[in-house]
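Notes for the structure review
The chain contents come next:
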Amino acid sequence: MELGLYTFAESTPDADGTAATTPHRRLLELIDEAVLAEQVGLDVFGVGEHHRPDFIVSSPAVVLGAIAARTSRIRLTSAVTVLSSDDPVRVFQDFATLDLLSGGRAEIMAGRGSFIESFPLFGYDLEDYDTLFADKLELLLAIREDGPVTWSGRHRAPLRNQLVMPRPLQHPLPIWIAVGGTPASAARTGALGLPMALAIIGGAPERFAPLVDTYREGARRAGIDPLALPLSINGHGHVAESAERAAEEYYPGHDAAMRKLGRERGWPAPTREQYDMLRSPRGALLVGDPKLVAAKILFQYDIFRNTRYLIYLMGMPHATVMRAIELLGTEVAPLVREGIAARA
């Protein structure tokens, strides 16, 4: 199993926890976090796209390019690229360029996006939410194939025998599909033979097993070996020397983020009891000491047989995140790999 990190590059508290870091400093910290992730042996680093004041990165490929210049091994993925409101030609060109710069380490994780700010920002109608993604994914996959592209759809000018350059080092350039909780999206991803990234940030992980079954059944019906398809589980969490320390360090940022999201979407305010349930042995949050976090990753592996796990260390000061990355690479990852080897 590949293990790694992903981030939406939220504005994090500074060292004393009382104020947000500046965007300039936050981006420099982000690059340092990716460099450390490689140094401690993690496999993947992902950067997501948002267009909100509380997140720093709107162009993952640019940030990943800066990380590529400081690293040599770790894989670099978007997490996610909001394909519905972007141009597939430019997305492919950006990540093909990143692939060349990084020596063949780039990936695209394409999704609809969990927020809607990018749609009016780039002139798209939310009523076209589903057809925009389907159209643009079809074009992105056509561009990924070698040779000139001829394509027409509903939401973009057609291409007629057009070359899209540059071409990446990897063939084909990996394209993952980020799926929330929609069975139709999971089935379509499987039928296309594409890797799926499934985010589990709340509830019991077992509840998502039918979604993975739907993904693999979609592949099977399309004549594709479902067990040959990569599957990533993406979750939130934190690791510290003790479970109690991890819980207390992670709670303020988690609580603030959930309260803000709740105000925007009309959800009730979260409680500490709910948080403690989420970090319990069968809960979705991977918050604890190295043995507990490794056990929770293996618990989900037993459910999904996933090939990758990415964790989001959200809402904590940079120094706290750096220590968590060190523990993930030096203590959690070996335990996970030993556990998977024993299961094999």
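Up top is the structure.
The following refers to the structure shown.

Side note on the pairing of strand β2 (residues 44-47)
Neither face of β2 is exposed, since Val44 and Gly46 on one face and Phe45 and Val47 on the opposite face are all buried. Pairing between strand β1 (residues 2-7) and β2: four bridges, direction parallel. Residue pairing for β2: Leu5 is matched across the bridge by Phe45. Of the strand pairs in this sheet, β2 and strand β3 (residues 75-78) are connected by four bridges, and their pairing is parallel.

So, helix α2 (residues 60-70)
Spacing of three or four residues puts side chains on the same side of an α-helix, whose turn is 3.6 residues. Among the residues making up α2, those that are buried are Pro60, Ala61, Val63, Leu64, Gly65, Ile67 and Ala68. Tucked into the core, α2 has its buried residues touching α1 (23-39), β2, β3 and α3 (88-102).

Digging into the packing of helix α6 (residues 183-191) against helix α7 (residues 209-221)
Two numbers describe how α6 lies on α7: the axes approach to 6 Å, and their chain directions differ by 35°. Judged by the sense of rotation from one axis to the other, the crossing of α6 with α7 is right-handed. Along its contact with α6, which presents Pro183, Ala186, Ala187, Thr189, Gly190 and Ala191, the element α7 presents Leu211, Thr214, Tyr215, Gly218 and Ala219. Partitioned by chemical class, the residues of the contact of α6 with α7 number seven nonpolar, four polar and no charged.

Looking at unusual backbone geometry
Backbone torsion omega between Met165 and Pro166 reads 0°, so that peptide bond is classified as cis. Along the chain, His171 connects to Pro172 via a cis peptide bond; the corresponding omega equals 0°. By the element assignment, Pro172 lies in the loop between β7 (159-162) and β8 (175-179). We note that Ala9 has phi near 55°; this positive angle belongs to a residue other than glycine. Summarising the element assignment, Ala9 is placed in the loop between β1 and α1. Taking relative accessible area as the criterion, Ala9 reaches 1% and is therefore assigned buried. Positive phi, normally seen in glycine, also occurs at Asn161, with a value near 55°. Mapped onto the fold, Asn161 is located in strand β7.

Calculation criteria
Residues numbered from 1 in each chain as written. Predicted model: local features only at pLDDT ≥ 70, side-chain atom pairs only at ≥ 80, totals over all residues. Heavy atoms only, no water. Buried < 20%, exposed > 50% of the residue type's maximum accessible area, 1.4 Å probe, protein only. Helix = DSSP H or I, 4+ residues; strand = E, 2+ residues; numbered from the N terminus. Pairing = 2+ DSSP bridges. Contact = heavy atoms within 4.5 Å. Axes fitted to C-alpha atoms, helices over the stretch in contact; angles between N-to-C directions. Left-handed = near helix turned anticlockwise from the far one by under 90°. Nonpolar A, V, L, I, M, F, W, Y, C, P; charged D, E, K, R; others polar.

Any link to function would need more than the numbers given here.
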